[in-house]
Protein chains: 2
Amino acid sequence: MIRLSATDAGFEAAFARIVADRRESDSDVSGAVSAILADVRARGDAALADYTARFDGHTLDSEADWRISAQACKAAFDALDPTLRAALETAATRIAAYHAAQKPEDRDYTDAQGVRLGAVWKPVDAAGLYVPGGRAAYPSSLLMNAIPAKVAGVQRLVVVTPTPKGALNDLVLAAAHLAGVDEIWRVGGAHAVGALAYGTDRIAPVDVITGPGNAYVAEAKRQLYGVVGIDMVAGPSEILVLADGKNNPDWIAADLLSQAEHDPVAQSILITDDAAFADAVEAAVERALQSLPTQATARQSWDDFGVIVVVDDLERDAAALANRLAAEHVEIATDDPQSLFAQIRHAGSAFLGRHTPEAIGDYVAGPNHVLPTGRRARFASGLSVLDFMKRTSFLQLDETALAAIGPAAVALADAEGLPAHGLSVSVRLGHKG
Amino acid sequence: MIRLSATDAGFEAAFARIVADRRESDSDVSGAVSAILADVRARGDAALADYTARFDGHTLDSEADWRISAQACKAAFDALDPTLRAALETAATRIAAYHAAQKPEDRDYTDAQGVRLGAVWKPVDAAGLYVPGGRAAYPSSLLMNAIPAKVAGVQRLVVVTPTPKGALNDLVLAAAHLAGVDEIWRVGGAHAVGALAYGTDRIAPVDVITGPGNAYVAEAKRQLYGVVGIDMVAGPSEILVLADGKNNPDWIAADLLSQAEHDPVAQSILITDDAAFADAVEAAVERALQSLPTQATARQSWDDFGVIVVVDDLERDAAALANRLAAEHVEIATDDPQSLFAQIRHAGSAFLGRHTPEAIGDYVAGPNHVLPTGRRARFASGLSVLDFMKRTSFLQLDETALAAIGPAAVALADAEGLPAHGLSVSVRLGHKG
């Protein structure tokens, strides 16, 4: 953990290093991934079976080896502990409500020149969701990816997920049932992403691929960007907590550790204007780590990437630093969080006040937990209904409207040296068709 | 040109080949581009000067070699022929009006559980626009990229454009003045894109890079996706015209040629239900080509990639084919275009009725002319204000709201094996803070 004081001589250089440190995986897997994608494109299901045997120790042979049935998902859902089932249902209901309000409106109007203009939004035909196997197979992630697609109106929702040595994850199956997933294929890795993009004999191609994965999955999505739509490439999770000295140190320590337990390269940063409070949080983190079942991961993250910054005045100093960090999650634990929030230009998601721990947004509050990491909140947004929709703009002119604006188009086409453009307008001018 | 009839035995196979043919450049420049980007990242302005001398024959030495001043842009604008200046102003005004209505609304509401939820939209801090040199240096493209950024509220708008052997394009300078561009740097190619993303001593980094370019520029944007935001990677332009037999063949021929003259690999497709009209359009294309100054390019495109499909019934048959093509531009030249348009799920932009040539949308109508090509309208939209903005979701809970939904979050965190997530909620339950 690094502790900085904004009044120290070396502060600017030290903080600039933290901003510049993207903590991305530097493993270059691009060559390996492009070979896998070319193989899947050429050999389809046979390539999928080979890679799945090799990487997952799972043989794709019978229909049940390839796919998880809707019945199996329903059975997993019905077998859930009632408390957990109710929690999943609460999450799904609230996520659906928040995302339903994101649906964009069509536009259709006629302006003073008589030109009809507008845009209509439509869902993509099919979406593919990558669901990791092993430790990172989170049912909450499945809901956060699947529900916006459903709300958008996507007709075909396809999950790919590796089942190493054939092992299924009942929680993920239950979430797939609840979210209304249409197909689940037992394949993972770059080859599964390639199958979704190119299609195989068994798996029809999709239009958009979202969902988290390892370095191979992320690189496959990056290489297929343009063949399909993808969500933002994601790096390790991060939280920035802006807290005054009036907070309970144990609460803030738990918030910092809730990111740290995700990943040894996750990052938790506290900015406060109370040095004694900073001491107290530091001690509280150590106390909480003692009994935390995920302490190995959380301690490594906190030791290697944790940061505490003490500034003079939180209201005056914190937002400028926060905007440079452009963090995935920003908590503002003060009496008047709105005043600091209004100064934040770049953040994936904000958590306002002392009773809004970031984790409430991970699960049940409603907004999406798939958010831009690694300073990408400078230009990117969290996953939304818009990622599963696209817009068609439209125009309609009659003879009068074309007479009003057509000559300007002809002048510009001539100036750009595109005479057929000009001709397509001028040939119609003064004619009723 | 290929002519197909939907009733022919081989139609499905022939049409499927047209759908599968993406007409993308297959030149693999990824290795060359990644070397250039690494060099720009390491050596900054020195690398820019080296590549600009090598590729553009332009020496970057004095300030005027590096930058085009605001005064030079204003002078170019003032020197325009008045008709052309008025045309540019008409275009800018109409583009700004259409895009202003795209600005998304913030959301802020409190639900029945007392949870405050919402999202705020903010512009990116800085945007970079790539403007090609030579034949493809279109002032209309500059307006179409710059104005949405300005409408979004972007504070710093940076253009990079190559000036081969030092030659400036007065029309582009005039458009830059009109659009309110803040900086113009005389660099182009993959190295210019790298400079925008990473920043150099002279050029501060930007957050989003848009604009068309050659294969190197497109590959540089693809590789930098995630470091910055980018617009969709674009392929050759394309038009699909759905026309009944009551159209003037010369009008439709001009529309087909207006795409063909862009690029030898552009594509123009006509679908009609009148074989005699198809004959007439074919003849009209030949006639128009005779006198077209861009006939060399247009003929190559039409000969190699032009398609005429005759179907039985336009209203019944055309939309299904159009949705498979997911074309950049779709013209619907019928008496009741709305009825066919309602069946179109995938199109970048639509042009309705007999008096709406696609070229009117390229210049002055208002909607953006930067549109998804190569079947990407299945999942992508044209350039918009949203490409220069991003959304921060937010939550605010008090003790009561956390008591209402917190236990569900704790249950899910436990099930996912993330105890610090659960702790950050449970430690607050039943406490006033």
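Scope of this entry: the structure provided in the associated data block. Worth saying up front: this structure is predicted, and the values here are computed from it rather than measured.

On to the pairing of strand E2 (residues 107–110) of chain A, then. Residues and elements named next belong to chain A. Bridge analysis of E2 against strand E3 (residues 116–123) gives four bridges, and the strand direction is antiparallel. Bridging from a neighbouring strand, Tyr109 pairs with Leu117 of E3. Between E2 and E3, which follow one another and run antiparallel, lie five residues, and Gly114 among them has a positive phi close to 85°.

Our focus in this paragraph is helix H3 (residues 45–56) of chain B. Residue and element names in this part refer to chain B. The terminal C-alpha atoms of H3, which comprises 12 residues, lie 15 Å apart, in line with the 16 Å expected from a rise of 1.5 Å per residue. The complete set of buried residues in H3 reads Asp45, Ala47, Leu48, Tyr51, Thr52 and Asp56. Along the axis of H3, the buried positions cluster into a sector of 150°, meaning they face one direction only. Elements in contact with the buried residues of H3: helix H2 (30–43), helix H4 (63–66) and helix H9 (189–198). Positive phi shows up at Gly57, right after H3, with a value of about 60°.

Quick look at the packing of aromatic side chains now. All names here are of chain A. For the structure shown, the criterion picks out nine aromatic pairs over all chains. Judged by centre distance (6.0 Å) and plane angle (5°), the rings of Tyr51 and Phe55 are stacked. In this pair, Tyr51 and Phe55 both sit in helix H3 (residues 45–56), four residues apart, roughly one turn of the helix. Judged by its relative accessible area of 8%, Tyr51 is buried.

This part covers the side chain of Asp362 of chain B. Inspection of the secondary structure puts Asp362 of chain B in helix H16 (residues 358–363). Buried and unpaired, Asp362 of chain B has Arg428 of chain A as its nearest opposite-charge partner, separated by 11 Å. Of note is the side chain of Asp362 of chain B, whose polar atom sits 3.1 Å from the side chain of His421 of chain A. Not counting the four nearest positions on each side in its chain, Asp362 of chain B is found in contact with His421 of chain A together with Ser140, Met144, His329 and His369 of chain B.

Bringing the pattern of salt bridges into the picture now. Residue and element names in this part refer to chain A. Inspection of every chain in the model, using the stated rule, returns 46 salt bridges over all chains. For the salt bridge of Asp231 with Lys221, the shortest nitrogen-to-oxygen distance reads 2.6 Å. Here Asp231 is found in the loop between strand E8 (229–230) and strand E9 (238–243), whereas its partner Lys221 is found in helix H10 (residues 215–224), with 10 residues between them in sequence. Take Asp231 and Lys221: they sit in the same class, and that class is buried. Through salt bridges with shared partners, a single ionic network connects Asp244, Lys246, Asp335 and Arg354.

Scoring rules and cut-offs
- Residues numbered from 1 in each chain as written.
- Chains lettered and ligands numbered in written order.
- Predicted model: local features only at pLDDT ≥ 70, side-chain atom pairs only at ≥ 80, totals over all residues.
- Heavy atoms only, no water.
- Pairing = 2+ DSSP bridges.
- Helix = DSSP H or I, 4+ residues; strand = E, 2+ residues; numbered from the N terminus.
- Expected span 1.5 Å × (residues − 1).
- Buried < 20%, exposed > 50% of the residue type's maximum accessible area, 1.4 Å probe, protein only.
- Arc of directions from axis to C-beta.
- Contact = heavy atoms within 4.5 Å.
- Phe/Tyr/Trp six-rings, centres within 6.5 Å; stacked < 30°, edge-to-face > 60°.
- Lys, Arg positive; Asp, Glu negative; His and termini not counted.
- Salt bridge = Lys/Arg side-chain N within 4 Å of Asp/Glu carboxyl O.
- Polar contact = N/O pair within 3.5 Å; in protein donor to acceptor, adjacent residues only side chain to side chain.

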